[in-house]
Amino acid sequence: MVKRHPTAYFREEYERLVRENLNWELRVLQSACEPVCMVDGRKVIMMCANNYLNLATHPKVVNAMVEATKKFGAGAGSDRSIAGNMSIHEELDRRLAEFKRAPASLTFQTGFMANEGLIPQLCDRGDLYVSDELNHGSIIDGIRLSHADRAIYKHKDISDLDRIMEKAERHSPPYRRIWIITDGVFSMDGDLAPLPEIVKIAEEHGAGVYVDDAHGEGVLGEGGRGIVSHFGLTREQVHIEMGTFSKAFGVMGGHITGSEDLRNFAYNKARTWLLSAAVPPGVAAACKAAIDVLEAEPQLVERVWENRRYFIEEMEALGFDTGNSETPIVPIMCGRSKTAKDLADYIWRRGVFALPIVYPMVPREKARIRVQLCAKHTTEHLERSIEAFKEGGKRVGLI
Ligand SMILES: *Cc1c(COP(=O)(O)O)cnc(C)c1O
């Protein structure tokens, strides 16, 4: 073995990332996540938060967190599987199922942990996962933790999915189980999975359907009930609807919704649920309050869609390409990485915060700035942002 310091590669790897322009430069948020924030000492319009409905600072949500923390303490003291399953966790599970109009839900510590814990339990040797090529990293990692076979279909490509399923049908020995897993809203483009077509193919082959609706919840469907509601599908068609409280709900925590059997299976099998601490009671109470607020104030959902419509129309009128967006995630397509970075720099100096998304997160020639609209952006915020994009877009030669 070559004798080197065991950690020498930490710095080498980091320096390589810096050389290749692949490292993350961390920004520091010095205020609450609101439409106008302090970031790195600068007052900026926040255009890249997942807090679509601004529930992170909603007084009812914040208050619920404070009150539950005073009553139940800062931490749950244990895993839910041992002694940390507090009444507030159970209330949150039931409240979510009621909101989703489903038999049962189960909440996890994060969305990442829900995928990473449950997905590997769905399939084993002799089974198959079928996954969209642009699925979230937590789905990819969840699949990697299983011994099952995997097949990746081209992004949203139903004929490719069909081809894979036909081939799987002829597999010998026959697969015991097949699960088709897809993001509901794809986070880099803001486009939607063709869920009704996926469901149809799954039904033909007797496969399960698992949708990760992290960016669709609170945004899509009746009163923000998510993608299953958006497409009018049933729990018999989409067997597992997974989501998170960290995006439109403004708090933190993953969850799954489906049958009572799913809930019983999941909490007895998912290792992230069994072997990691329960979320603090204040967090669970805040999530529950966020559902209450969403139900009481559905106009928040309307507002985020109005803001999206306005922003897209104005940007397209200026000549910007907004890609395949179908949601409040709006990519401003830039082509080369340098163009995206220069434009992001320019708008940043003009007081608008949105990040460039470049290779390897997206293909080399598809660099973009990803904008995320929220309910509380005012027309003035949007106009100032559009003005910055317009000036910057001219400078970098995009419009
Ligand atoms: C954000 C996200 C997750 C992870 O959710 P967290 O609750 O933040 O861990 C999982 N899947 C998708 C598609 C996401 O966008």
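Everything below is about the structure shown above.
This report concerns the structure included in the present document. (Residues numbered from 1 in each chain as written. Predicted model: local features only at pLDDT ≥ 70, side-chain atom pairs only at ≥ 80, totals over all residues. Heavy atoms only, no water.)

## Re the pairing of strand β7 (residues 208–212)
The two faces of a sheet get side chains in turn, since along a regular strand they alternate between them.
Thought 1: Of all five residues in β7, five are buried, a share of seventy percent or more.
Thought 2: Of the two faces of β7, the one lined by Gly208, Tyr210 and Asp212 and the one lined by Val209 and Val211 are each fully buried.
Thought 3: Alignment of strand β6 (residues 178–183) against β7, held across five bridges, turns out to be parallel. Note on β7: the bridge partner recorded for Asp183 is Asp212. (Buried < 20%, exposed > 50% of the residue type's maximum accessible area, 1.4 Å probe, protein only. Helix = DSSP H or I, 4+ residues; strand = E, 2+ residues; numbered from the N terminus. Pairing = 2+ DSSP bridges.)

## What to know about the site of the ligand
Thought 1: For the ligand, the full set of nearby residues is Thr110, Gly111, Phe112, His136, Ser138, Asp183, Asp212, Ala214, His215, Thr244, Ser246 and Lys247.
Thought 2: Gly111 places a main-chain nitrogen or oxygen 2.7 Å from an oxygen atom of the ligand.
Thought 3: In this structure, His215 approaches the ligand through a side-chain N or O atom, which is 3.1 Å from an oxygen atom.
Thought 4: In the complex, 86% of the free accessible area of the ligand, which totals 380 Å², lies under the protein chains.
Thought 5: Residue composition of the shell around the ligand, grouped by class: two nonpolar, seven polar and three charged. (Near = heavy atom within 4 Å. Polar contact = N/O pair within 3.5 Å; in protein donor to acceptor, adjacent residues only side chain to side chain. Areas by Shrake-Rupley, 256 points an atom, 1.4 Å probe, with all protein chains shown as cover. Nonpolar A, V, L, I, M, F, W, Y, C, P; charged D, E, K, R; others polar.)

## What to know about helix α13 (residues 337–349)
Thought 1: With 13 residues, α13 ought to run about 18 Å at 1.5 Å a step, and its terminal C-alpha atoms sit 18 Å apart, in line with that.
Thought 2: Among all positions of α13, only Thr339, Ala340, Leu343, Ala344, Tyr346, Ile347 and Trp348 are buried. (Expected span 1.5 Å × (residues − 1).)

## Here we look at a positive patch on the surface
Thought 1: There is a patch of like positive charges on the surface, built from Arg42, Arg349, Arg350 and Arg395.
Thought 2: Mapped onto the elements of the fold, Arg395 is located in helix α14 (residues 379–395). (Patch = residues over 30% accessible without salt bridge, like charges linked within 9 Å, V, L, I, M, F, W, Y side chains within 5 Å. Salt bridge = Lys/Arg side-chain N within 4 Å of Asp/Glu carboxyl O. Lys, Arg positive; Asp, Glu negative; His and termini not counted. Charge placed at Lys NZ, Arg CZ, Asp CG, Glu CD.)

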